[in-house]
Every structure is written in C-alpha cells, then in structure tokens.
Amino acid sequence: MLNPYLFYQDTCEAAFNFYAKVLGGKIDAMMRVSDAPPDTPGAVGREKTIMHARMSLPGGSVLMGSDAPPEHFHKPQGFSISITLTDAAEAERKFNALADGGTVTMPFSKTFWAKGFGMCVDKFGIPWMVNCPAEGM
C-alpha cells in the first residue's frame, strides 16, 4: 500500500481539516509537538505545530502529514496527489474545492482520456490531479 506523506509550513492542521471536508475523510490522528516527550529535539517554540496527522479517505486510502521544521521544509515539487472518481460532476466539485484559494494549472475539462480532468495547487501548496476516466480507461 502506498500512502502519501505531506509536509507543510505550519499549516498541516488547517490543510487536514480542509481535506476532511472536501474529500470526505476522517482524521484518525492529529498529534502535536506538545504531545511528544519534553526532551524531543526541535520542540521549543513549535509546541502547537503538528508532529503527525493521519486521515482515512473513502475507498481505503490514507493521507498522512506533518508540519516540517523550517530548516527542513521544501516547497512540494515533482509530484501530484491524484484522485480518481467515477462521477464527473463529483470530480469537478472536488477539483473546484481543492483549487479554491490556490492555483489552477489545468482547468477541469473533458479530455480524450477522461470525462473530466484537472490539475491545481491548493492553498497549502500541495499539487493535485483530479481525474474522472472515460469508459474503458
């Protein structure tokens, strides 16, 4: 099983609450740095940040993430989180919600391989691809 693990610039909690609403997920864990033993390196001043979050998504997928310490954060690049849905209207709704406040890199529309496909970077800096495959694809 492959499960994406995403790193945020102190926006993990907001991102996971947003994804739970948009994607219909259930947050299973949201561990703050303050929950770690007091001698944990890098904890001072970062107590409210998220050390580990886990969300169960419909269909059995899992999304995990945390707030990266500033010296370890890198802007996401070279990947996208891909969502495949069978209903084109639902796919477009999820795409529009993910794109809200972010950047659309390819508007959601019909393609030769899909009833609908779009690409965006959400308001938290995470790249997404939303796909509703054509019949037989």
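For the structure, see preceding data.
Conventions and cut-offs
- Residues numbered from 1 in each chain as written.
- Predicted model: local features only at pLDDT ≥ 70, side-chain atom pairs only at ≥ 80, totals over all residues.
- Heavy atoms only, no water.
- Phe/Tyr/Trp six-rings, centres within 6.5 Å; stacked < 30°, edge-to-face > 60°.
- Helix = DSSP H or I, 4+ residues; strand = E, 2+ residues; numbered from the N terminus.
- Buried < 20%, exposed > 50% of the residue type's maximum accessible area, 1.4 Å probe, protein only.
- Expected span 1.5 Å × (residues − 1).
- Arc of directions from axis to C-beta.
- Contact = heavy atoms within 4.5 Å.
- Polar contact = N/O pair within 3.5 Å; in protein donor to acceptor, adjacent residues only side chain to side chain.

Caption draft 1: Representation of the packing of aromatic side chains in the model. Inspection of the entire model under this criterion finds 10 aromatic pairs. Between F16 and Y19, the ring centres sit 6.1 Å apart and the planes meet at 55 degrees, which makes this aromatic pair tilted. Here F16 and its partner Y19 are both found in helix α1 (residues 12-23), three residues apart, which amounts to about one turn of the helix. Here F16 matches Y19 in class, with each residue buried. Taking 5.2 Å as the distance between ring centres and 70 degrees as the angle between the ring planes, the aromatic pair formed by Y19 and W128 counts as edge-to-face. You can see Y19 sitting in helix α1 and its partner W128 sitting in strand β8 (residues 127-133), a full 109 residues away along the chain. W128 carries the same exposure label as Y19, and that label is buried. One aromatic cluster is present, formed by Y8, F16, F18, Y19, F124 and W128 through successive ring pairs.

Caption draft 2: The arrangement of unusual backbone geometry in detail. In the Ramachandran plot, D10 falls in the positive-phi region, its phi being about 65 degrees despite a non-glycine side chain. Along the polypeptide, D10 turns up in the loop between β1 (5-8) and α1.

Caption draft 3: How the structure looks around helix α2 (residues 88-99). For α2, spanning 12 residues, the distance from its first C-alpha to its last is 16 Å, which sits close to the expected 16 Å at 1.5 Å a residue. All of the buried residues in α2 are A91, K94, F95, L98 and A99. Take α2 and look down its axis: the buried residues cluster within an arc of 130 degrees, on one side only. Close packing links the buried residues of α2 with α1, β5 (81-84), β6 (103-109), β7 (114-121) and β8. For α2, the side-chain oxygen to backbone nitrogen distance between the N-cap and A89 is 3.2 Å, and the N-cap itself is D87.

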